[in-house]
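# Notes for the structure review
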Amino acid sequence: MPEAVVTMDGWYCLHDFRSVDWTAWKYASTEDREEAINEFKELIGQWEETERNKEGSHALYTIVGQKADLMMMILRPTMEELNEIETAFNKSKLAEFTKPSYSYVSVVELSNYMGSANEDDPEIQARLRPTLPKWNHICFYPMDKRRQGNDNWYVLEKDERAKLMYAHGMTGRQYAGKIRQIITGSIGLDDWEWGVTLFAHDVLNFKKLVYEMRFDEVTSRYGDFGSFYIGNILKPDAVEQFLKV
């Protein structure tokens, strides 16, 4: 029987996508809008304090296109904390003017295909519990490994999967310093098997990387992908401008 690979798991992750009801927001009173903005900024301040204490991390981006307007990516040590953060936003004034458009639940994951990584290594710990980069752009998409006929990832021997993943990783290494990648596992946690979050200062690097990876066998033969979400960073001091009417 094919051997399952051992994974190392870190912080739990929530990608929370919201669409703003701009009409309702436009016709809200000045007092309600100010309350919503101030309350949201207070939430962001709490997230920033958590990040400074290295007890979690977050990323806040506006989304381009009609799939959503806002994305909050939250990392925390427990699933309960993710639930608390989601509930806190749902109870906020700003939530009254938004609608959930998509969400994704997962956990930061490293696959130990080569069998040489030590989970106690400080570098490995930093990858499992990362501080999310506040780079200009974000790209998120969920994906599966195909399970169809002769193109079934899960019937391949472990050594064959490791060889394919190594070649795939070599393509990604060409973008070191240009793209930061966070892989989160979601088997048993959400509808897809993995979530891929990419950060870059130049948005075209997303296009180039994803295109080049399509030629890797691990993608061309065994990869299935969900919707792509692209966004621009929303810094705390730009929240008011984003929500200005």
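Naming follows an unreviewed UniProt entry, where the protein appears as Coproheme decarboxylase of Halobacillus litoralis. Of the protein, the UniProt comment under Sequence similarities (unreviewed entry) reads exactly: "Belongs to the ChdC family. Type 1 subfamily." Regarding the protein, the UniProt comment filed under Pathway (unreviewed entry) reads as follows: "Porphyrin-containing compound metabolism; protoheme biosynthesis."

Running from N to C, helix 5 (residues 158–173) and helix 6 (residues 204–213) point in directions that differ by 155°, and their axes come no closer than 10 Å. Looking at the two axes, helix 5 sits roughly antiparallel to helix 6. Considering only the axes of helix 5 and helix 6, their crossing is right-handed. Here helix 5 contributes His168, Thr171 and Gly172 to the contact with helix 6, which in turn contributes Leu209, Glu212 and Met213. Among the residues forming the contact of helix 5 with helix 6, the class breakdown is two nonpolar, three polar and one charged.

This brings us to the nonpolar core. With 22 residues, the main nonpolar core has Trp25, Phe40, Trp47, Leu60, Phe89 and Leu94 as its most contacted residues. Residue assignment for this core shows that the elements contributing at least two residues are helix 2 (30–52), strand 3 (70–76) and helix 3 (79–90). For this core, the element with the most residues is helix 2, which contributes six residues. In this structure, leucine 94 is in contact with Trp25, Ala36, Phe40, Phe89 and Leu243, ignoring residues within four places of it in sequence. Membership of the second largest hydrophobic core comes to 18 residues, among which are Tyr61, Leu132, Ile138 and Phe140.

Right, let's get into helix 6. Within helix 6, the full set of buried residues consists of Asn205, Phe206, Leu209, Val210 and Met213. Summarising the axial view, the buried residues of helix 6 lie within an arc of 125°, below the 170-degree limit, and thus occupy one face. Exposed residues on helix 6 whose side chains face more than 90 degrees from its buried face are Lys207 and Tyr211. Considering only its buried residues, helix 6 is in contact with strand 5 (137–145), helix 5, strand 8 (179–185), strand 9 (194–200), helix 7 (217–220) and strand 11 (229–233).

The next subject is a negative patch on the surface. Where like charges cluster on the molecular surface, the negative patch consists of Asp9, Glu119, Asp120, Asp121 and Glu123. Among the secondary structure elements, aspartate 9 is positioned in strand 1 (residues 7–20). Classification of aspartate 9 as partly exposed rests on a relative accessible area of 35%.

What follows is about the packing of aromatic side chains. To describe a pair of aromatic rings, one takes the distance between the centres and the angle between the planes. Taken as a whole, this structure holds 16 aromatic pairs when the rule is applied. Here the aromatic rings of phenylalanine 17 and tyrosine 102 are separated by 5.9 Å at their centres, their planes lie at 40°, and the arrangement is tilted. Here tyrosine 102 lies in strand 4 (residues 98–111) and phenylalanine 17 lies in strand 1, a separation of 85 residues in the sequence. Taking the relative accessible area as the measure of exposure, phenylalanine 17 reaches 0% and is therefore buried. Relative to tyrosine 229, the ring of phenylalanine 17 has its centre 4.4 Å away and its plane inclined at 35°; by these criteria the two rings are tilted. Note that phenylalanine 17 is positioned in strand 1 and tyrosine 229 in strand 11, a separation of 212 residues in sequence. You'll find phenylalanine 17 and tyrosine 229 in the same group, each marked buried. Every member of this aromatic cluster is reached through a ring pair, and the members are Phe17, Tyr102, Tyr104, Phe140 and Tyr229. Above the face of the tyrosine 229 ring, lysine 67 is positioned so that its terminal group lies 5.4 Å from the ring centre. A cation sits over an aromatic face here: lysine 145 above tryptophan 153, 5.1 Å from the ring centre.

Conventions and cut-offs
- Residues numbered from 1 in each chain as written.
- Predicted model: local features only at pLDDT ≥ 70, side-chain atom pairs only at ≥ 80, totals over all residues.
- Heavy atoms only, no water.
- UniProt positions renumbered as here; feature names shortened; annotations may be inferred.
- Axes fitted to C-alpha atoms, helices over the stretch in contact; angles between N-to-C directions.
- Helix = DSSP H or I, 4+ residues; strand = E, 2+ residues; numbered from the N terminus.
- Parallel < 35°, antiparallel > 145°, perpendicular 65-115°, else oblique.
- Left-handed = near helix turned anticlockwise from the far one by under 90°.
- Contact = heavy atoms within 4.5 Å.
- Nonpolar A, V, L, I, M, F, W, Y, C, P; charged D, E, K, R; others polar.
- Core = buried A, V, L, I, M, F, W, Y, C linked by side-chain atoms within 4.5 Å.
- Buried < 20%, exposed > 50% of the residue type's maximum accessible area, 1.4 Å probe, protein only.
- Arc of directions from axis to C-beta.
- Patch = residues over 30% accessible without salt bridge, like charges linked within 9 Å, V, L, I, M, F, W, Y side chains within 5 Å.
- Areas by Shrake-Rupley, 256 points an atom, 1.4 Å probe, with all protein chains shown as cover.
- Salt bridge = Lys/Arg side-chain N within 4 Å of Asp/Glu carboxyl O.
- Lys, Arg positive; Asp, Glu negative; His and termini not counted.
- Charge placed at Lys NZ, Arg CZ, Asp CG, Glu CD.
- Phe/Tyr/Trp six-rings, centres within 6.5 Å; stacked < 30°, edge-to-face > 60°.
- Lys NZ or Arg CZ within 6 Å of the ring centre and 35° of its normal.

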